[in-house]
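Below are the chains, spelled out letter by letter.
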Amino acid sequence: MWRSRFLRGAGCLLQGKGCIPCKPSNLPPWRYLSFYQPCLHPVLQLSFRAPTWYCFENHFRPAVALYFFRTLRKDAKSIIDFPAQHLTVTDIKQYLRSKDIHFHDGYSCLHAPSIFMQPAPEGSGKENYSLFIDKTTGQFLCKETLVEGSWEDLQDCIEVMLNESQTSISPNVLLGFPESMEEQEEREMEMKEVQRIWSSSMPFSDLLDEEVQLIKTMFQIGKLTNATLKKFGVRFFKPTKCLVFPWFSGRDSCLRGVKLLSAAMKADGRVVYIEATVPKISSYHNLFGLPLIGRKDSEVVLTGREVDSMAVNQATGLPSLALPRGVSCLPPILLPYLEQFKKVTLWLGGDMRSWEASKIFSRKLGLKRCSLIRPGDIQPCPSEALAQGRNLARIVKASIPAAHKSIVSFKQLREDVYGELVNVEQVAGIQWSRFPELNRILKGHRKGELTVFTGPTGSGKTTFISECALDLCMQGVNTLWGSFEINNVRLAKIMLTQFAKQRLEEKLDQYDVWADKFEDLPLYFMTFHGQQNIKTVLDTMQHFMMGQENLSVDKFAVQDHIIGAFRKFATNSCCHVTLIIHPRKEEDDKELQTASIFGTAKASQEADNVLILQEKKLVTCPGRRSLQVSKNRFDGDVGIFPLEFNKASLTFSAPVKGKQKLRKVKVDKNISTEEIEETELKEKREKALKPAKAKTVKGSAALKDTTDGEGNNQ
């Protein structure tokens with residue numbers, strides 16, 4: 001009933017033609033729209049006749065009005081959780097058909113006529129399918145008006161339009177949550193900074209030949225011509241000696257942001273390149289080279305860097321685009337801009353990480369239209385291939401289809417096997433920077449694996465694993481956290497403290513500095529707390545990746561089902577899943593074993609890695625905690641190393657005092673974990689029974705026998 005009343009009221013407001021209240025002259029119009037919206041819905045912007053007392057300039061200051069409507073601001077701490085319903089492409093299609101909205105299937109989106117534009121006359125044949133609806137999430141984008149939003153937003157707009165028998169709805173109808181004054185000022189400052197950098201940077205045609213040659217040598221783009229740099233709008237910013245790559249809107253080619261690329265020399269003589277974006281990376285959704293794409297272009301080469309995109313275009317003449325964050329992610333908001341291409345060739349780089357990212361992105365884009373370029377010595381990244389004088393057109397032509405059959409022969413796997421043998425370090429995965437001992441045993445963090453982590457209650461399992469995840473997240477690994485015991489605010493506070501390595505409660509003046517840096521990390525949290533249905537959790541994880549049978553009442557059968565579901569998800573989605581499982585009840589003086597994991601043996605069987613946080617509860621000195629790797633499917637190495645907890649920074653990565661040796665065991669595949677543990681226990685006992693070696697005492701004093709008359713040790 002409330003929905004129908006809302007729609008009727010919204011329809012009446014849409015019909016109104018009242019004057020728009022006056023706005024502050026110092027604020028742009030698209031910012032002001034959020035200041036005077038009625039408190040009906042935080043998403044719909046509706047025109048209404050405002051009373052005279054509502055005029056800002058006459059009676060209210062903007063800051064006061066903003067404070068009044070700040071309750072609508074979207075806040076992670078006040079999210080309204082509705083029962084989760086998994087959206088499918090079938091649901092989307094059924095809804096559109098029920099509303100008589102025509103559409104046709106695309107590769108990753110549904111194409112429909114935009115409801116934010118007046119429809120073309122019937123029979124004209126000019127119907128513009130410019131509304132793109134993501135098949136996985138329902139998120140939509142109108143390429144003509146740049147209106148975007150969630151599936152719920154689109155449903156609300158359609159309901160309002162049909163309720164009033166309209167053929168279209170205003171492009172300004174969709175409005176996000178009102179921004180605070182601080183957010184508005186930040187956005188305006190970013191746009192001013194973009195304009196300042198762009199106006200202060202110089203085209204290569206305005207530089208001296210000696211300067212151009214020096215710049216090209218510095219950034220290793222000597223083979224790129226000045227014509228190519230001009231074509232893509234690349235400039236040079238002299239104050240910081242940076243290359244400037246523009247972000248032009250694909251619709252009207254207006255400047256929306258810039259990316260700065262600078263070069264730095266490390267202590268070992270290596271040159272590293274550092275990227276910075278304005279606006280910040282979370283809001284930077286550029287497809288570099290998009291304004292150069294024609295409407296009739298049906299083939300594109302997708303690269304991971306701007307210089308690679310220019311190299312491909314110069315050498316082959318093919319349309320080429322660069323992703324804003326390289327191999328880190330393919331933002332869903334960019335998928336509509338790639339719908340026009342019948343063939344997409346992914347050439348993201350020349351290493352194994354780029355190869356893995358290419359296979360993941362091809363699933364989002366549609367396997368049937370994607371081709372991949374396998375990395376190797378003869379097929380490096382495009383800019384290196386151009387510098388080496390290789391035939392880039394031949395490399396692109398030799399790309400392999402992303403789609404494959406369910407059964408393959410070794411002939412098809414041969415190159416993959418060779419690639420793993422050649423790139424041993426890259427295959428081992430991403431290295432931890434805070435836990436070098438973990439690198440020695442596990443070799444790295446690899447995609448497609450399942451890790452089971454356990455430890456005594458209160459030993460710091462969540463704290464330790466959050467630091468491990470933070471370590472990888474700081475290296476660009478997309479991380480999704482789901483804790484059913486600790487709320488997101490508490491978890492984020494722990495990770496922020498670990499990130500800053502200090503107690504921010506005592507240094508609140510530094511909070512914003514560290515929070516800004518922490519906010520740029522590719523870190524996300526699921527809004528679950530307490531017991532959850534496994535299907536709901538998996539649906540959320542699948543939405544994050546973009547890519548069940550009836551359960552028994554037996555709690556162990558339920559756990560086995562959950563373990564199997566996560567195992568399948570890790571393999572199919574090519575991501576690493578870490579599960580924290582409580583152990584069985586053990587005596588305080590006994591160490592945990594693989595068999596101590598709660599439930600059946602399925603958890604340890606399905607897991608690629610088993611980590612145990614050991615704690616000696618009766619010990620308070622350093623070395624109380626240690627991390628044991630009891631299973632490592634990658635190469636079989638297992639071992640244990642000590643941990644020291646720093647309470648001030650909530651970290652386990654602090655160096656342990658004294659020289660602690662890493663116990664590392666080479667395991668025979670045929671020997672069980674229980675036999676290994678029995679062997680270690682036996683070695684400990686034999687070592688304890690051996691007589692202690694007498695220490696040499698300096699001076700003339702002789703060693704005294706510490707036995708009594710009966711020969712018993714005192």
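Located above this text is the structure these notes cover.
Small disclaimer: the values here were computed from a predicted structure and weren't measured.

J.: What should I look at first to understand the overall build of the protein in this one?
T.: On a plain count of helices and strands, the protein comes out with 22 helices and 23 strands. Out of the 714 residues in the protein, the part that is buried amounts to 43%. A total of about 40,600 Å² of accessible surface is found on the protein, and carbon and sulfur atoms cover 53% of it.

J.: Help me understand the packing of aromatic side chains in this model?
T.: Each aromatic ring pair is characterised by the separation of its centres together with the angle its planes make. Summed over the entire model, instances satisfying the criterion amount to 13 aromatic pairs. Taking the centre distance of 5.6 Å and the plane angle of 80° together, the rings of F245 and F288 count as edge-to-face. Of this pair, F245 sits in strand 8 (residues 242-248) while F288 sits in the loop between strand 10 (271-278) and strand 11 (299-303); the two residues are 43 residues apart in sequence, bridging distant segments of the chain. Between F435 and F464, the ring centres sit 5.2 Å apart and the planes meet at 65°, which makes this aromatic pair edge-to-face.

J.: Could you clarify how one ought to interpret unusual backbone geometry in this entry?
T.: Residues other than glycine predominantly adopt negative phi, and peptide bonds predominantly adopt the trans conformation. Cis rather than trans, the peptide bond between V278 and P279 has omega equal to 5°. A positive phi angle, close to 55°, is found at Q220, a residue other than glycine. Turning to its location among the elements, Q220 is positioned in the loop between helix 7 (209-218) and helix 8 (226-231). Q220 gets classed as exposed once you look at its relative accessible area, which sits at 56%. A positive phi angle is found at K241, which is not glycine, with a value near 55°. Examined against the element boundaries, K241 turns out to sit in the loop between strand 7 (235-237) and strand 8.

J.: Please clarify how the sheet that holds strand 4 (residues 140-142) should be interpreted in this entry.
T.: Strand pairing in a sheet relies on backbone hydrogen bonds. The paired strands run either parallel or antiparallel. Reading across from one edge, 1-2-3-4-5 is the order of the 5 strands in this open sheet, with antiparallel pairing throughout. At either margin of the open sheet sits one strand with a lone partner, and together these are strand 1 (104-105) and strand 5 (148-149). Summarising the sheet, strand 4 and strand 5 pair through 2 bridges and their orientation is antiparallel. Note on strand 5: the bridge partner recorded for F140 is G149. Sheet strands in contact with helix 4 (residues 89-98) are strand 1, strand 2 (109-112) and strand 3 (131-134), and its direction is about 10° off that of strand 2. Lying on the sheet, helix 5 (residues 151-163) is in contact with strand 3, strand 4 and strand 5; it crosses strand 3 at an angle near 135°.

J.: Looking at this structure, I do not really get the packing of helix 4 against helix 5. What am I missing?
T.: Packed helix pairs are characterised by how far apart their axes lie and by the angle those axes make with each other. Running from N to C, helix 4 and helix 5 cross one another at 10°; their axes reach a closest spacing of 12 Å. It follows from the interaxial angle that helix 4 and helix 5 lie roughly parallel. Contacts between helix 4 and helix 5 pair I92, Y95 and L96 from the former with W151, Q155, I158 and E159 from the latter. When grouped by side-chain class, the residues that make up the contact of helix 4 with helix 5 number 5 nonpolar, 1 polar and 1 charged.

J.: What should I look at first to understand the pattern of salt bridges in this one?
T.: Side chains carrying opposite charge are able to pair once their charged atoms draw close together. Under the counting rule described, the total for this entry stands at 25 salt bridges. In this structure, the salt-bridge partner of E275 is K259, at a minimum N-O distance of 3.6 Å. Linking E275 in strand 10 with K259 in strand 9 (residues 255-265), this pair joins segments that are 16 residues apart in sequence. According to the relative accessible area criterion, K259 is buried, its value standing at 2%. A salt bridge links D308 to R305; its shortest N-O distance comes to 3.2 Å. By relative accessible area, R305 is classed as partly exposed at 32%.

J.: Just checking my understanding: could you explain the state of the cysteines for this structure?
T.: One covalent bond between the sulfur atoms of two cysteine residues makes up a disulfide. Summed over all chains, the structure comprises 0 disulfides. Free of any disulfide, C575 has its nearest neighbouring cysteine sulfur in C574, separated by 7.8 Å.

J.: Help me understand the packing of helix 16 (residues 461-473) against helix 17 (residues 488-500), please; the structure alone is not making it clear to me.
T.: Helix 17 packs onto helix 16 with a crossing angle of 60° between their chain directions and a minimal axis gap of 10 Å. Classed by the angle they form, the pair helix 16 and helix 17 counts as oblique. In the crossing of helix 16 with helix 17, the sense of the turn from one axis to the other is right-handed. Across the interface between the two elements, T462, T463, S466, E467 and L470 of helix 16 pack against L491, I494, M495, Q498 and F499 of helix 17. Considered class by class, the residues forming the contact of helix 16 with helix 17 number 5 nonpolar, 4 polar and 1 charged.

J.: Is there a simple way to think about helix 20 (residues 555-573) in this case?
T.: An α-helical segment advances 3.6 residues per turn. Residues three or four places apart therefore align on the same side. Taking 1.5 Å of rise per residue, 19 residues should cover 27 Å, and helix 20 covers 27 Å from first to last C-alpha, within 8% of that figure. The first or second residue beyond helix 20 is C574, which carries a positive phi of 55°.

J.: In this structure, what is going on with the nonpolar core? I would like to understand it.
T.: Among the nonpolar cores identified, the biggest contains 33 residues, and F435, L438, F464, F518, L627 and L643 are the most heavily contacted of them. At the level of elements, helix 15 (436-442), helix 16, helix 17, helix 18 (511-519), strand 20 (609-615), strand 21 (625-632) and strand 22 (637-643) are the ones that each hand at least two residues to this core. Within the second largest apolar cluster, 31 residues are counted, among which are Y337, M352, I360 and F361.

J.: Teacher, can you tell me more about the side chain of Q559 here?
T.: Mapping Q559 onto the fold places it in helix 20. At 2.8 Å, the side chain of Q559 forms a polar contact with the backbone oxygen of F598. Sequence-distant contacts of Q559, defined by excluding residues within four places in its chain, comprise I581, F598 and G599.

Scoring rules and cut-offs
Residues numbered from 1 in each chain as written. Predicted model: local features only at pLDDT ≥ 70, side-chain atom pairs only at ≥ 80, totals over all residues. Heavy atoms only, no water. Helix = DSSP H or I, 4+ residues; strand = E, 2+ residues; numbered from the N terminus. Buried < 20%, exposed > 50% of the residue type's maximum accessible area, 1.4 Å probe, protein only. Areas by Shrake-Rupley, 256 points an atom, 1.4 Å probe, with all protein chains shown as cover. Phe/Tyr/Trp six-rings, centres within 6.5 Å; stacked < 30°, edge-to-face > 60°. Pairing = 2+ DSSP bridges. Contact = heavy atoms within 4.5 Å. Axes fitted to C-alpha atoms, helices over the stretch in contact; angles between N-to-C directions. Parallel < 35°, antiparallel > 145°, perpendicular 65-115°, else oblique. Nonpolar A, V, L, I, M, F, W, Y, C, P; charged D, E, K, R; others polar. Salt bridge = Lys/Arg side-chain N within 4 Å of Asp/Glu carboxyl O. Disulfide = S-S within 2.5 Å. Left-handed = near helix turned anticlockwise from the far one by under 90°. Expected span 1.5 Å × (residues − 1). Core = buried A, V, L, I, M, F, W, Y, C linked by side-chain atoms within 4.5 Å. Polar contact = N/O pair within 3.5 Å; in protein donor to acceptor, adjacent residues only side chain to side chain.

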